Amino acid sequence: MANEVLIRVLERKRKYVWPEAQLNFWLIVMIAAAATIVGIFTYFMHLQSVFHLGVPWIFPYSIATGSICLLFLFIILVLIQQRQLLPGIVVLGSFILFVLFLTGLIETSIQLFGPTGSVNSYCNLYRPSSGLANSQATLAYLETQGICQDWKAAFAFYIIGTVFLLWMMVMAWQVNQDNFD
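Residues numbered from 1 in each chain as written. Predicted model: local features only at pLDDT ≥ 70, side-chain atom pairs only at ≥ 80, totals over all residues. Heavy atoms only, no water.

Where an unreviewed UniProt entry is consulted, the chain appears under the name MARVEL domain-containing protein, with the organism given as Letharia columbiana.

Written out as structure tokens, the structure is:
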């Protein structure tokens, strides 16, 4: 009889209760952040290839980081559907992505706001002109402004991703401690 009770106790699985609203909000924001980062840096790599320029390491790094994040989010969605999302998996994956996002954030901030030759220093180089004679200057202005806004969006989404990954590590720890019951 005592062995039967011991076996039943050992067979019981621990069930983790995740806060649904917070988890869904986190997933939506992280999908948007990762997809935006992948899209922006893919566009930058395309521009570099069109102009036959070298590709800085931050471009493929950001594409890889965003892609890994999207893969991680897909795995989380599958685990949620199967009701097998474990806090340990989320903490480990979020920590790895936190380090990757923080590295991308630091390098993007250096490229965007660095001391010399930064992207931001070229953002107001061209002024819009009116008339047909100045259409090249206007086109150069518009293209420069578009690239500057892309850099600023990438920087912003790196900040958002970094903060939200930190938030997910805390939330997964709380789920593990059963603080959401």
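Still more ground to cover, so stick around.
1. Some remarks on the overall build of the chain
To keep things clear, this is the line we draw: Secondary structure counts use DSSP, requiring at least four H or I residues in a row for a helix and at least two E residues in a row for a strand, with both numbered from the N terminus. The cut-offs for exposure are 20% and 50% of the maximum accessible area for each residue type, with area from a 1.4 Å probe on protein chains only; residues under the lower value are buried, those over the upper are exposed, and the others partly exposed. Two residues form a contact once any of their heavy atoms are found within 4.5 Å. The Shrake-Rupley method, run with a 1.4 Å probe sphere, supplies the accessible areas, and residue values consider only the shown protein chains as cover.
The helix and strand inventory of the chain stands at 5 helices and 0 strands. Counting helices and strands in the order they occur from the N terminus, the chain gives α-α-α-α-α. Among the 181 residues that make up the chain, the fraction classed as buried is 34%. Counting contacts in the chain only where the partners sit at least 6 residues apart, residues at least 24 apart contribute 76% of the total. Entry remark: accessible area of the chain is about 11,200 Å², with carbon and sulfur atoms responsible for 66%.

2. Description of the UniProt feature "transmembrane region" (unreviewed entry) in the chain
Put simply, the rule is: UniProt positions are given in the numbering used here, feature names are shortened, and annotations may be inferred rather than shown by experiment.
Sequence positions flagged by UniProt for "transmembrane region" (unreviewed entry) are, in local numbering, residues 21-45, 57-80, 85-106 and 155-175. The span residues 57-80 is 96% helical and 0% strand by assignment, and the distance between its end C-alpha atoms comes to 34 Å. Annotated as residues 85-106, this span is 91% helix and 0% strand, and its ends, taken at the C-alpha atoms, are 31 Å apart.

3. Side note on the nonpolar core
Formally: For the purposes of this section, nonpolar cores are sets of buried Ala, Val, Leu, Ile, Met, Phe, Trp, Tyr and Cys residues that join through side-chain atoms within 4.5 Å.
Within the largest apolar cluster, 41 residues are counted, with the highest numbers of intra-cluster contacts made by Trp18, Trp26, Met30, Phe41 and Trp151. Counting only elements with at least two residues in this core, the list comes to helix H2 (20-50), helix H3 (58-81), helix H4 (87-113) and helix H5 (135-176). Beyond its immediate sequence surroundings of up to four residues, Phe41 is in contact with Ile58, Phe59, Ser62, Ile63, Thr108, Trp151, Ala154 and Tyr158.

4. Quick look at unusual backbone geometry
Backbone phi values are negative for most residues with the exception of glycine, while trans is the configuration of most peptide bonds. Phi at His52 takes a positive value of approximately 55°, unusual for a residue other than glycine. Of note in the backbone geometry, Arg83 takes a positive phi value of approximately 55° without being a glycine. Structurally, Arg83 is set in the loop between H3 and H4. Residue Arg83 is classed as exposed on the basis of its relative accessible area, which comes to 76%.

5. Describing the state of the cysteines
We apply this condition: When the sulfur atoms of two cysteines come within 2.5 Å, that pair is taken as a disulfide.
Under the defined criterion, the tally for this structure stands at 1 disulfide. Each sulfur in the disulfide pair Cys123 and Cys148 lies 2.0 Å from the other. The S-S bond linking Cys123 to Cys148 shows a torsion near -115°; that makes this disulfide left-handed. With Cys123 in the loop between H4 and H5 and Cys148 in helix H5, this residue pair connects regions lying 25 residues apart in the sequence. Neither residue differs from the other here; Cys123 and Cys148 are each classed as buried.

6. Regarding H3
Going by this rule: Take the residue count of a helix, subtract one, and multiply by 1.5 Å to get its expected span.
Taking 1.5 Å as the rise per residue, H3 with 24 residues should run 34 Å; its terminal C-alpha atoms sit 34 Å apart, in good agreement. Every buried residue of H3 is listed here: Ile58, Phe59, Tyr61, Ser62, Ile63, Thr65, Gly66, Cys69, Phe72, Leu73, Ile76 and Leu79. Packed against the buried residues of H3 are H2, H4 and H5. One or two positions beyond H3, positive phi appears at Arg83, with a value near 55°.

7. Comments concerning the environment of Phe164
Within the element layout of this structure, Phe164 appears in helix H5. Overall, the relative accessible area of 16% leaves Phe164 in the buried class. In this view, Phe164 contacts Phe25, Trp26, Val29 and Met30; residues no more than four positions away in its chain are not counted.

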